[in-house]
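One-letter residues, chain by chain:
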Amino acid sequence: MTAISHSGSSAGVTRQYAPYVQADWGFANHWYPALLSHELEDGSAKGVTIGGHDIALRRSAGKAYAVSDRCIHRGVKLSAKPMCLSEGTITCWYHGFTYGLEDGSLTTIVGNPDDSLIGKAGIRTYPVEEANGIIYVFVGEEDFGTPPPLANDLPAPVTNDPNDSPVPHLLDEGIVIRGIHRKLVGNWRLAAENGLDPGHLLVHWDNQILVALDRALPLGVNALTDSATEEIDIENGPKGVMNRYDRPDLYQPVLDNPKVNMKARGTVPHYFRTSLWVPGVLMVEHWPITDHVQYEFYVPIDDHHHEYWEVIATRARTDEEIAEFNFKYDNFMLPLALEGFNNSDVFAREATEEHYTRFDGWNNEMLCDMDYSIIAWRKMAARHPRGFFESPYLDED
Ligand code: FES
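Calculation notes
Residues numbered from 1 in each chain as written. Predicted model: local features only at pLDDT ≥ 70, side-chain atom pairs only at ≥ 80, totals over all residues. Heavy atoms only, no water. Helix = DSSP H or I, 4+ residues; strand = E, 2+ residues; numbered from the N terminus. Rg over C-alpha atoms; globule rule 2.2 N^0.38 Å. Buried < 20%, exposed > 50% of the residue type's maximum accessible area, 1.4 Å probe, protein only. Contact = heavy atoms within 4.5 Å. Areas by Shrake-Rupley, 256 points an atom, 1.4 Å probe, with all protein chains shown as cover. Lys, Arg positive; Asp, Glu negative; His and termini not counted. Charge placed at Lys NZ, Arg CZ, Asp CG, Glu CD. Expected span 1.5 Å × (residues − 1). 1 Å grid on protein atoms, 1.4 Å probe; cavity = no way out; pocket = protein on both sides within 12 Å on 5 of 7 lines; lining within 4 Å. Points joined across faces, edges and corners; volume = space filled by probe spheres on them. Nonpolar A, V, L, I, M, F, W, Y, C, P; charged D, E, K, R; others polar. Domains from an automatic or database assignment. Pairing = 2+ DSSP bridges. Buried area = accessible area lost by both parts, 1.4 Å probe. Salt bridge = Lys/Arg side-chain N within 4 Å of Asp/Glu carboxyl O. Polar contact = N/O pair within 3.5 Å; in protein donor to acceptor, adjacent residues only side chain to side chain. Axes fitted to C-alpha atoms, helices over the stretch in contact; angles between N-to-C directions. Parallel < 35°, antiparallel > 145°, perpendicular 65-115°, else oblique. Left-handed = near helix turned anticlockwise from the far one by under 90°. Phe/Tyr/Trp six-rings, centres within 6.5 Å; stacked < 30°, edge-to-face > 60°. Lys NZ or Arg CZ within 6 Å of the ring centre and 35° of its normal.

Per the secondary structure count, the protein chain includes six helices and 21 strands. By the compact-globule yardstick of 21 Å for 397 residues, the protein chain fits well, its C-alpha radius of gyration being 23 Å. The principal-axis extent of the C-alpha atoms belonging to the protein chain is close to 80 × 55 × 35 Å. Burial status across the protein chain gives 50% buried among its 397 residues. Looking at the protein chain alone, contacts between residues at least 24 apart form 65% of all its contacts between residues at least 6 apart. Summed over all atoms, the accessible surface of the protein chain reaches about 18,400 Å², with 52% contributed by carbon and sulfur. For the protein chain, the centre of its 32 positive side-chain charges and the centre of its 58 negative side-chain charges are spaced 1 Å apart.

Along its twelve residues, helix α6 (residues 372-383) runs 17 Å from first to last C-alpha, staying within 8% of the 16 Å computed at 1.5 Å per residue. Residues of α6 that are buried include every one of Tyr372, Ser373, Ile374, Ile375, Ala376, Trp377, Arg378, Met380, Ala381 and Ala382, and no others.

Before going further, it helps to spend a moment on empty space enclosed by the protein. Evaluation of the coordinates by the stated rule reveals two cavities of 30 Å³ or more. Its volume calculated, the largest cavity comes out at about 290 Å³. If you trace the largest cavity, you find 26 residues lining it, with His200, Phe272, Thr274, Val284 and Phe341 closest to the centre. For the lining of the largest cavity, the class distribution of residues is 14 nonpolar, eight polar and four charged. Taken as a whole, the second largest cavity spans an internal volume of roughly 30 Å³. Across the lining of the second largest cavity, the residue classes break down as eight nonpolar, one polar and one charged. When residues of the lining of the second largest cavity are assigned to domains, at least three map to each of domain 1 (30-128) and domain 2 (156-384).

Here strand β21 (residues 305-315) lies mainly inside the structure; nine of its eleven residues are buried. Pairing between strand β11 (residues 175-185) and β21: eleven bridges, direction antiparallel. In the sheet register, Val176 faces β21, and the bridge partner there is Thr314. Relative to β21, strand β20 (residues 292-300) runs antiparallel, the two sharing nine bridges. Each residue of the ladder has a partner; that of Tyr295, found in β21, is Val311.

Domain annotation for the protein chain reports domain 1 (30-128) and domain 2 (156-384). Its C-alpha centre places domain 1 at a distance of 35 Å from the equivalent point of domain 2. On the side of domain 2, nine residues touch domain 1, which itself brings twelve residues to the contact. Buried area between domain 1 and domain 2, both sides added, is near 940 Å², and the carbon and sulfur share of it is 71%. When residues of domain 1 are sorted by the area they lose upon contact with domain 2, Tyr32, Pro33 and Leu36 head the list and together hold 52% of the total. For the pair domain 1 and domain 2, the number of links is zero salt bridges. For the pair domain 1 and domain 2, the number of links is three residue pairs in polar contact (both at pLDDT 80 or more). When residues of the side of domain 1 that touches domain 2 are traced back to their parent elements, those giving at least two are β1 (30-36) and β2 (45-50). The dominant element in the side of domain 1 that touches domain 2, judged by the number of residues it contributes, is β1, at seven residues. Residues that form the side of domain 1 that touches domain 2 fall into these classes: seven nonpolar, four polar and one charged.

Moving on to the packing of helix α3 (residues 188-196) against α6. The N-to-C vectors of α3 and α6 enclose an angle of 130°; their axes lie 9 Å apart at closest approach. In terms of orientation, α3 and α6 fall into the oblique class. The chirality of how α3 crosses α6 is right-handed. Between α3 and α6, the residues in contact are Trp188, Glu193 and Leu196 and Ser373, Ile374, Trp377 and Arg378, respectively. Here the residues of the contact of α3 with α6 are counted per class, giving four nonpolar, one polar and two charged.

Two aromatic rings are characterised by how far apart their centres lie and by the angle between their planes. A complete count under the given rule lists 21 aromatic pairs for this structure. Aromatic pair Tyr17 and Tyr20: ring centres 6.4 Å apart, planes at 85°, arrangement edge-to-face. Residues Tyr17 and Tyr20 agree in their burial class; the two are buried. On the basis of an interplanar angle of 65° and a centroid distance of 5.8 Å, the ring pair of Tyr245 and Phe272 is categorised as edge-to-face. Of this pair, Tyr245 sits in the loop between β14 (239-243) and β15 (251-254) while Phe272 sits in the loop between β17 (262-263) and β18 (273-277), and the two are 27 residues apart along the sequence. Judged by its relative accessible area of 22%, Phe272 falls in the partly exposed class. A network of ring pairs unites the aromatic residues Tyr17, Tyr20, Phe27, Trp188, Tyr356, Trp362, Trp377 and Phe388 as a single cluster. Between the NZ or CZ atom of Arg124 and the centre of the ring of Tyr126, over which it lies, the distance is 4.0 Å. Over the ring of Tyr20 we find Arg189, and its NZ or CZ is 5.9 Å from the ring centre.

What follows is the structure in structure tokens.
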């Protein structure tokens, strides 16, 4: 493979993905997961922040709604003390401004139903879709227009290789999904890149799952051609890049580095494959076990925090299949994969944040050949910006 020159002064390469470097608050005008369905009970409300947008989610008569989480009266968060007095509305707990969930309009004020402001003001609403246990919200410019289909912002359900064993797509019927999400320190891009990074296997070399199952884990995976990372750019559909670890003509595992006396551990081969999709969704096929898929969303909260989503999906239609999945999830996948294996990734991201925050890491990084797929991802993400989140805070200068 010819060396890719991104080292030291990376201005030339950086220019090729400048919109990506600009997206420190994340890409606007996309669907993002906001809550797991079971976290929003009927008659309740909860607050989330996505790309600087404070959003209150409220379930009413079984349907999930999303509105701005800032009361127009004195600016408190509605979710700070959720007050749901009637179906189809959300009430501010402070002075009783009550908003309709469909259009955000001010429908009444608890203590002054004849107030002249009623019917003349309101809060913005956000499009919501709920599928297979996840509530998604379309976040961005208020006048963006009709949002693209949710499927456009999720990993593509198919690849172009007929020999692939297809894994469940997030919108498929007949699947079960379990997962967690947590707020972490770190820009969303650092998290996304870590998920795709072929060079980060070192952080997992002593992982419990791999040791217990004697799974073969190389020290790294080298690309054999400059185009080994597949770019998937579906017209009016998902955009992503894929590490084709299933293609020995494209990738070669590194099994030995005598200079540091390291050899790859494990003897049992395990096929898996990683891909990363705009606006920041990782798909790890056949992980943590075959016929399962782990999706990870790196949802920007602000420029230094992201919500880390980890969900595992598999096909299960009968009660027995669902029970078997739930047993494995509770006793294996959650503790050992999502909280065990992935905590090593969390540690790495949080350790990376300081450099990119305080030392302008985007212009002071020295990428190497091993970072081929990260470069491909940056270019892909830069090619399709629908918009950028911006800081909602007033300039303090
Ligand atoms: Fe919400 Fe006053 S701050 S009603």
